[in-house]
Amino acid sequence: MDSAQHDLTTMVLLQGLYDQIANALAERQTPPPEVRELQEASKQRQRELEELEQKLEDHQGEISEVKRKESECQIELEHFQKQKGMVTNEREFTAVISEIDYATKALQENSDRRHELEAEIQVMSDDITERRGSREDEEATQNEVVTAWEDRKAELKNIVHDHARQAQELEAQLEPKNRARFARLLKSKGGSALAEVLDGSCSLCHFALRPHLQQRVRRAQEIIVCEHCYRVLYLAEMEESNS
Ligand SMILES: [Zn+2]
């Protein structure tokens, strides 16, 4: 095999490796829908749990404030009830009664609010306990799916690594000018340095080849590039006959 033929065959192999590398990288960046859904659902549940825990904390803060007010009202009430027994005239009596009414009402309001908060705290605590419990179950079931995806990602990483190493070895076998040309095209043409000739046209830019060029591509004794997109052209059958 002469050097142009050899380099062309090598470039076809290289392009195949780079295509597989690109596919593996793309797949690695795209978790399957079932993994994305699980990740999203898990995040959502975590957010809800955190909101609930925050609400519980707020309620607990409020309840200690309500309890403090409640005992203040209790002390006031006892104070005015003692005073009631010591009043000397009707005016004082009326004033004390009014204070007692006020303190009783405040005590009642605080006590009502405390009961309300206690009931809500109970509901929230139960909810949180249940959510924490069911999260463990959910994590166990989603583990399988996530593990499978992690395994696949590791596999893809190995594919990329192996193919890159193989590509490096093949590139070393190219004539320096062809190696540079291939690298330049790979970079400037979005990862596809080569284009197959299909039905007399470049398969990537669809530019029709002149018959004369088609023949030269078929003979595979020189590197022929597409006149329009400048990618190196090859024919599948040529590739087979030379390998
Ligand atoms: Zn082209």
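Residues numbered from 1 in each chain as written. Predicted model: local features only at pLDDT ≥ 70, side-chain atom pairs only at ≥ 80, totals over all residues.

K.L.:
Before we go on, may I ask you to explain the nonpolar core in this structure?
P.N.:
If you look at soluble globular proteins, the nonpolar side chains tend to sit buried side by side. Judged by nonpolar contacts, the single largest core of 20 residues is most densely connected at M11, V232, L233 and Y234. Among the secondary structure elements, those contributing two or more residues to this core are α1 (3-28), α4 (176-188), β1 (194-198) and β3 (232-234). Setting aside its immediate chain neighbours within four residues, L233 contacts A195, V197, C202, V217, I224, V225 and C226. (Core = buried A, V, L, I, M, F, W, Y, C linked by C-beta atoms within 7 Å. Buried ≥ 20, exposed ≤ 12 C-beta atoms within 10 Å, placed from the backbone. Helix = DSSP H or I, 4+ residues; strand = E, 2+ residues; numbered from the N terminus. Contact = placed C-beta atoms within 7 Å.)

K.L.:
Explain the domain arrangement of the protein to me, please; I cannot follow it from the model alone.
P.N.:
One frequently used descriptor of interface size is the decrease in accessible area upon assembly of the parts. What the domain assignment reports for the protein is domain 1 (3-25 + 175-242) and domain 2 (26-172). The C-alpha centroid of domain 2 is placed 62 Å from the C-alpha centroid of domain 1. On the domain 2 side, the residues contacting the 12 residues of domain 1 number 13 residues. At 11 residues, α1 tops the list of elements feeding residues into the side of domain 1 that touches domain 2. (Domains from an automatic or database assignment.)

K.L.:
I would appreciate a short explanation of the sheet that holds β3 in the present structure.
P.N.:
Note: strands within a sheet are paired through backbone hydrogen bonds, in either parallel or antiparallel orientation. Spatially, 3 strands are ordered β2-β1-β3 in an open sheet, and the strand pairing comes out mixed. Of all the strands in the sheet, just β2 (201-202) and β3 have a single pairing partner and so form its edges. With 2 bridges joining them, β1 and β2 adopt antiparallel strand pairing. Residue V197 lies in a different strand from β2, and its bridge partner there is C202. (Pairing = 2+ DSSP bridges.)

K.L.:
How should I be thinking about the environment of L204 in this particular structure?
P.N.:
One can find L204 in the loop between β2 and α5 (211-219). C-alpha separation for the pair L204 and R184, spaced 20 residues apart in sequence, amounts to 17 Å. With residues up to four places along the chain from it excluded, the contact list for L204 reads S192, A195, C229 and R231.

K.L.:
Would you mind showing me how to read the pairing of β1 here?
P.N.:
The side chains of a regular strand alternate between both faces of the sheet. Pairing between β1 and β3: 3 bridges, direction parallel. Bridge pairing in β3 links E196 to Y234. Once β1 ends, the chain turns through 2 residues before running back antiparallel as β2, passing D199 with a positive phi of about 50 degrees.

K.L.:
How should the confidence of the model for the protein be read in this particular structure?
P.N.:
Detailed reading of the predicted model is not advised wherever pLDDT is low. Mean pLDDT over the protein works out to 92, with 97% of the residues at or above the 70 mark. Scored below 50 in pLDDT, residues 239-243 makes 8 contacts in the model with residues more than four places away or belonging to other chains. (pLDDT = per-residue confidence, 0-100.)

K.L.:
I keep staring at the packing of α1 against helix α3 (residues 90-172) and nothing clicks. Help me out?
P.N.:
Geometrically, a packed helix pair is captured by the angle between its two axes and the distance between the axes. Contact geometry for α1 and α3: axes closest at 9 Å, N-to-C directions at 160 degrees. Comparing the axis directions of α1 and α3 gives the class roughly antiparallel. Here α1 and α3 pass one another in a crossing that is left-handed. Where α1 approaches α3, its residues T10, L13, L14, L17, Y18, Q20, I21, A24, L25, E27 and R28 are matched on the opposing element by K153, L156, K157, I159, V160, H163, A164, Q166, A167, L170 and E171. Its residues assigned to classes, the contact of α1 with α3 comprises 13 nonpolar, 4 polar and 5 charged. (Axes fitted to C-alpha atoms, helices over the stretch in contact; angles between N-to-C directions. Parallel < 35°, antiparallel > 145°, perpendicular 65-115°, else oblique. Left-handed = near helix turned anticlockwise from the far one by under 90°. Nonpolar A, V, L, I, M, F, W, Y, C, P; charged D, E, K, R; others polar.)

K.L.:
Looking at this model, I keep getting lost on unusual backbone geometry. Mind explaining?
P.N.:
A negative phi angle is the norm for most residues apart from glycine, just as the trans form is the norm for most peptide bonds. Phi is positive for D199, close to 50 degrees, though the residue is something other than glycine. Among the secondary structure elements, D199 is positioned in the loop between β1 and β2. Not every positive phi belongs to a glycine, and H206 is a case in point at roughly 65 degrees.

K.L.:
I'm lost on α4 in this one. Help?
P.N.:
Since the α-helix advances by 3.6 residues per turn, residues separated by three or four positions end up pointing in the same direction. With 13 residues, α4 ought to run about 18 Å at 1.5 Å a step, and its terminal C-alpha atoms sit 18 Å apart, in line with that. Buried within α4 we find N178, F182 and L185. Taken down its axis, α4 places every buried residue within 70 degrees of arc, on the same side. Away from its buried face by more than 90 degrees, α4 exposes P176, K177, A180, R184, K187 and S188. Check the buried side of α4 and you find it contacts α1 and β3. Remark: G190 follows α4 within two positions and exhibits a positive phi of approximately 60 degrees. (Expected span 1.5 Å × (residues − 1). Arc of directions from axis to C-beta.)

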